[in-house]
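Structural overview
Listed here are the chains, written in short residue letters.
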Amino acid sequence: MNNNMNNNKLTELTEEAIQYIAVGAAVLGTGGGGDPHIGKLMAIEAIRKYGPVRVVSPDELADDDLVVPLSMIGAPTVMNEKIPSAMQMIKPLDLIEKELGRKVNAIMPIEVGGGNSLVPVIAAAQRGIPLVDADAMGRAFPESQMVTFHLDGIDCSPIAMADERGNGALLHAIDGVWEERMARAITIQMGGSASICDYPVTGAQVKQSAISHTLTLAYEIGKTLFESKGLKQNPIDALLKQLKGYALFHGKAVEIRRRTEGGFTRGEAVFEGTDTLKGRTMRLFFQNEFLLATEDGQSLAVTPDLISLLDQDTGMPITTENLKYGARVTAVGFPCDPKWRTAKGLETVGPQYFGYDTPYIPIEELAAKKGGIQ
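Let me begin by describing the structure that accompanies this report. These figures come from a predicted structure and were not determined experimentally.

**Examining the overall build of the protein chain**
Of regular secondary structure, the protein chain possesses 12 helices and 21 strands. Against the 2.2 N^0.38 benchmark of 21 Å for 374 residues, the protein chain shows a C-alpha radius of gyration of 19 Å, consistent with a compact globule. Each principal axis of the C-alpha distribution contributes one length, and for the protein chain these read about 60 × 45 × 35 Å. Looking at the protein chain as a whole, 61% of its 374 residues qualify as buried. Considering only residue pairs separated by 6 or more positions, the protein chain has 74% of its internal contacts joining residues 24 or more positions apart. Only carbon and sulfur atoms are counted for the fraction: they give 49% of the accessible area of the protein chain, which is about 14,700 Å². Where the 36 positive side-chain charges of the protein chain centre and where its 46 negative ones centre are 4 Å apart.

**So, the packing of helix 9 (residues 214–228) against helix 10 (residues 235–243)**
Axis separation between helix 9 and helix 10 bottoms out at 9 Å; the angle between their running directions is 155 degrees. As the angle between them shows, helix 9 and helix 10 are arranged roughly antiparallel. For the element pair helix 9 and helix 10, the recorded crossing hand is right-handed. Residues Leu217, Glu220, Ile221, Thr224, Leu225 and Ser228 of helix 9 pack against Pro235, Ala238, Leu239, Gln242 and Leu243 of helix 10. Looking at the contact of helix 9 with helix 10 residue by residue, the classes come out as seven nonpolar, three polar and one charged.

**Re helix 1 (residues 15–28)**
Here helix 1 spans 20 Å end to end across 14 residues, near enough to the 20 Å set by a 1.5 Å rise per residue. Of all 14 residues in helix 1, 11 are buried; the element is thus mostly enclosed. Of the residues making up helix 1, those classed as buried are Ala17, Ile18, Tyr20, Ile21, Ala22, Val23, Gly24, Ala25, Ala26, Val27 and Leu28. Where helix 1 terminates, the next one or two residues include Thr30, which has phi positive at roughly 50 degrees.

**Examining the side chain of Glu97**
Mapped onto the fold, Glu97 is located in helix 4 (residues 86–100). When sequence neighbours within four positions are dropped, the list of residues in contact with Glu97 reads Arg102, Lys103, Val104 and Arg127.

**Looking at the sheet that holds strand 17 (residues 289–295)**
The strand order 18-17-16-15-14-21-19-20 describes an open sheet built from eight strands, whose pairing is antiparallel. Of all strands in the sheet, those bounded by a partner on one side alone are strand 18 (298–302) and strand 20 (317–318). Relative to strand 21 (residues 328–334), strand 14 (residues 246–261) runs antiparallel, the two sharing six bridges. Opposite His250, over in strand 21, you have Thr330 as the bridge partner. In this fold helix 12 (residues 363–370) packs onto strand 14, strand 17, strand 18 and strand 21, with an angle of close to 140 degrees to the strand it touches most, strand 18.

Criteria and thresholds
- Within every chain, residues take consecutive numbers counted from 1 along the sequence as written.
- Selection of residues for local features in this predicted model requires a pLDDT of at least 70, selection of side-chain atom pairs for listing and counting requires 80 or more, and totals for whole chains, interfaces and linings are taken over all residues.
- Side-chain figures throughout are based on the complete set of non-hydrogen atoms in the structure, without hydrogens or water.
- Numbered from the N terminus, helices here are DSSP runs of H or I no shorter than four residues, and strands are runs of E no shorter than two.
- For a compact globule the rule gives 2.2 Å times the number of residues to the power 0.38, and the radius of gyration it is set against comes from C-alpha atoms.
- Exposure classes here rest on a 1.4 Å probe applied to the protein chains alone. A residue is buried below 20% of its type maximum, exposed above 50%, and partly exposed in between.
- Contacts are assigned to residue pairs that have any heavy atoms within 4.5 Å of one another.
- For every accessible area listed, the method is Shrake-Rupley and the probe measures 1.4 Å; residues are considered covered only by the protein chains on display.
- Residues counted as positive are Lys and Arg, residues counted as negative are Asp and Glu, and His and the chain ends are not counted.
- Charge positions are represented by NZ for Lys, CZ for Arg, CG for Asp and CD for Glu.
- Orientation is described by lines fitted to C-alpha atoms, with helices fitted over the stretch in contact, and by angles between N-to-C directions that extend from 0 to 180 degrees.
- Any angle from 65 to 115 degrees is called roughly perpendicular, while one under 35 is roughly parallel, one over 145 is roughly antiparallel, and all others are oblique.
- When the near helix sits turned anticlockwise from the far one by under a right angle, the crossing is termed left-handed; a clockwise turn instead gives a right-handed crossing.
- The residue classification treats Ala, Val, Leu, Ile, Met, Phe, Trp, Tyr, Cys and Pro as nonpolar and Asp, Glu, Lys and Arg as charged. All others, Gly included, are polar.
- Here the expected length of a helix is defined as 1.5 Å per residue gap, with one fewer gap than residues.
- Two strands qualify as a pair provided that DSSP identifies no fewer than 2 bridges between them.

Structure representation (structure tokens):
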């Protein structure tokens, strides 16, 4: 057992743990959440400078602890070009503390996706405060209200934002939908990418509403993918077994339409089947994250269930902004957290919200009907 694990829970973030989490979070991030490579490099630099970060379970928090999620907001394609600064990660925390008149006790990721799983590490290391092993999505979603805190009616305000130039903004929104509208407009003015703290919560609210131990899950996924080669395992098979997931399609990217619009990376990609799927075609639709996979107009997987693209040879995840023409991939799907399958969950992140004229059918049912890929 690694010394940064205790009873199968993550207790400390070392460089190895960050490497694993970056990969695992990119799988859970369904193509979004920012480039995991950039997040990984910044997090490793932070712990080299300030020392390892302690990781705590939600049940270790005091009920009145102030816990603040920290993330990046904007189009992932922009974040690849405009690397965030360390100062940019701290400024929103300073603004929140000044507004609330108290110190932040712990930091958490808002989503377990790509770079956004590791962005909080930078502030946690610099401040010397713990990182909570939880998030508010269990995956990545593109908009501010798409969090379990919103489902439970928790206030999103105050909201603090910063850019790499030193500009800061403090907002009060009546709910997450209004936060999204205002914060997205500011993000565009900040150059398409900004850091943000929203939904400052108590330890009690984290225990009630967050999805627990998702950083540990990301760590374990990354460990599986890194170690499968040495164990002579097929990495994708090992991952599907670990996550009780489904192989949806394997093929080659033949068309990618990607555009930055309204502060998001939007588009669709087309894949031609290879080997036993020759002659078949999959379409993948995304808004920062992969949201809908279809074959011949029939759904293979639908948001809020998770859709990820994995390199056919290595099993490593491919994000929306890094998908390239000719890439040979296996598309996989996993069931989402049950919170998203409620009426309010589906109203918030279901296919209709994103404008897709298709019903939500759980991936387990779609897979049973299709019988799996050959």
